[in-house]
Amino acid sequence: MTFTLPPELTLESDGPVRILTMNNPEQLNAFTDPLHLAVEHVWAELAQDPECRAVVLTGAGRAFSAGGNIPGFIRDYEDPEHRRASLRKARRLVDEMLGTHLPVIAAVNGPAVGLGCSVATMSDLVLMAEGSYLADTHVSIGLVAGDGGAALWPLMTSILKAKEYLFTGARIPAEEAVAMGLANRVVPADKLREEAVALAHRIAALPPQAVQETKRAINLHLQQAANTVLPFALAAEGESFGTEDIRKTIEGFRSR
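Residues numbered from 1 in each chain as written. Predicted model: local features only at pLDDT ≥ 70, side-chain atom pairs only at ≥ 80, totals over all residues. Heavy atoms only, no water.

A.B. asks: Explanation requested: the overall build of the protein chain in the structure shown.
C.D. replies: On a plain count of helices and strands, the protein chain comes out with ten helices and nine strands. Dimensions of the protein chain, computed from the C-alpha atoms along their principal axes, are close to 55 × 40 × 35 Å. Each of the 256 residues in the protein chain was classed as buried or not, and the buried ones make up 51%. Accessible area of the protein chain: about 11600 Å², with a carbon and sulfur share of 55%. Mean positive and mean negative side-chain charge positions of the protein chain (23 and 31 charges, respectively) differ by 2 Å. (Helix = DSSP H or I, 4+ residues; strand = E, 2+ residues; numbered from the N terminus. Buried < 20%, exposed > 50% of the residue type's maximum accessible area, 1.4 Å probe, protein only. Areas by Shrake-Rupley, 256 points an atom, 1.4 Å probe, with all protein chains shown as cover. Lys, Arg positive; Asp, Glu negative; His and termini not counted. Charge placed at Lys NZ, Arg CZ, Asp CG, Glu CD.)

Structure follows, in structure tokens:
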């Protein structure tokens with residue numbers, strides 16, 4: 001591997017399966033700059049691994065990922081150049097996840113919020129632990145939902161459901177996520193990793209060209225949606241940082 005992974009993202013090998021763990025449990029695996037950069041780059045690195053056939057993505061501790069981290073959010077508000085860089089990184093992360101030829105299984109072990117929710121639902125298969133939930137909270141803090149849900153959820157669930165949860169930022173319990181089409185199934189928490197790895201091995205044992213090009217064919221729908229929606233959505237998210245609502249959100253964060 002030419003890119004050195006930071007401690008915030010660990011990689012394990014289990015035969016042809018690679019297990020990626022977002023590993024900053026004290027911050028609920030929030031996307032600090034090192035973690036964001038690692039999740040952007042790791043797909044290209046795994047593509048160079050000739051033995052890799054499937055990937056499991058999960059979180060350490062009690063959360064899958066709490067999404068964006070507060071210091072980074074404040075810096076995006078204060079520093080327009082950092083904000084532009086953050087939005088470019090958000091686009092690259094979507095492109096890399098949707099573009100990798102490797103099947104990715106999200107093992108959602110706890111809350112998947114904001115960007116964490118987007119990363120989970122951009123995976124190819126989503127297993128959720130009992131008691132876990134998804135939540136895209138962009139709008140509820142004053143941001144346009146620019147980096148995932150608005151582009152992709154209408155292909156996975158009804159537009160009415162997508163609007164309800166994106167407008168309100170409400171939690172989507174695991175069972176509801178399955179019913180909506182945002183997850184595949186609910187798994188007992190103590191069996192989540194085991195079942196995710198077993199599913200990854202089942203897929204890894206299939207003819208790789210057939211699996212990988214079937215994924216590619218299906219993901220062309222998602223990539224087309226991303227290419228259509230993300231330029232506007234991310235630009236609009238950037239504009240959100242100039243609103244009074246975001247100023248109030250930032251003041252709330254600073255007062256904690």
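A.B. asks: Help me understand the environment of Arg185, please; the structure alone is not making it clear to me.
C.D. replies: The topology assignment puts Arg185 in strand β9 (residues 185-187). Separated by 114 residues in the primary sequence, Arg185 and Pro71 place their C-alpha atoms 34 Å from one another. Leaving out residues up to four positions away in the same chain, Arg185 has contacts with Val126, Leu127, Met128, Val178, Glu195 and Leu199. (Contact = heavy atoms within 4.5 Å.)

A.B. asks: Whenever I open this one, the packing of aromatic side chains confuses me. Can you help?
C.D. replies: The geometry of an aromatic ring pair is captured by two quantities: the separation of the ring centres and the angle between the planes. Under the defined criterion, the tally for this structure stands at two aromatic pairs. On the numbers, 5.5 Å between centres and 50° between planes, the contact of Phe73 with Phe241 is tilted. Remark: Phe241 occurs in the loop between α9 (208-240) and α10 (244-254) and Phe73 occurs in helix α2 (residues 70-78); sequence separation between them is 168 residues. Phe241 matches Phe73 in its accessibility class, with the two residues each being buried. A network of ring pairs unites the aromatic residues Phe73, Phe241 and Phe253 as a single cluster. (Phe/Tyr/Trp six-rings, centres within 6.5 Å; stacked < 30°, edge-to-face > 60°.)

A.B. asks: It is not clear to me how the pattern of salt bridges should be interpreted in this structure. Could you clarify?
C.D. replies: A side chain of one charge can pair with a side chain of the opposite charge if their charged atoms are brought near each other. Counted according to the given criterion, the structure contains 16 salt bridges. Put simply, Glu12 and Arg193 hold a salt bridge, and the shortest N to O gap is 3.0 Å. One end of the pair, Glu12, is in strand β1 (residues 9-14); the other, Arg193, is in helix α8 (residues 192-204), and 181 residues separate them in sequence. By relative accessible area, which is 34% here, Glu12 ends up partly exposed. One salt bridge connects Asp124 with Lys215, and the closest N-O pair in it is separated by 2.8 Å. One end of the pair, Asp124, is in the loop between α4 (115-122) and β6 (125-129); the other, Lys215, is in helix α9, and 91 residues separate them in sequence. Looking at Lys215, the relative accessible area reads 8%, which means it is buried. Among the ionic contacts, a cluster of salt bridges with common partners joins Glu81, Arg84 and Arg88. (Salt bridge = Lys/Arg side-chain N within 4 Å of Asp/Glu carboxyl O.)

Keep in mind that these numbers describe shape and distance, not what the molecule does.
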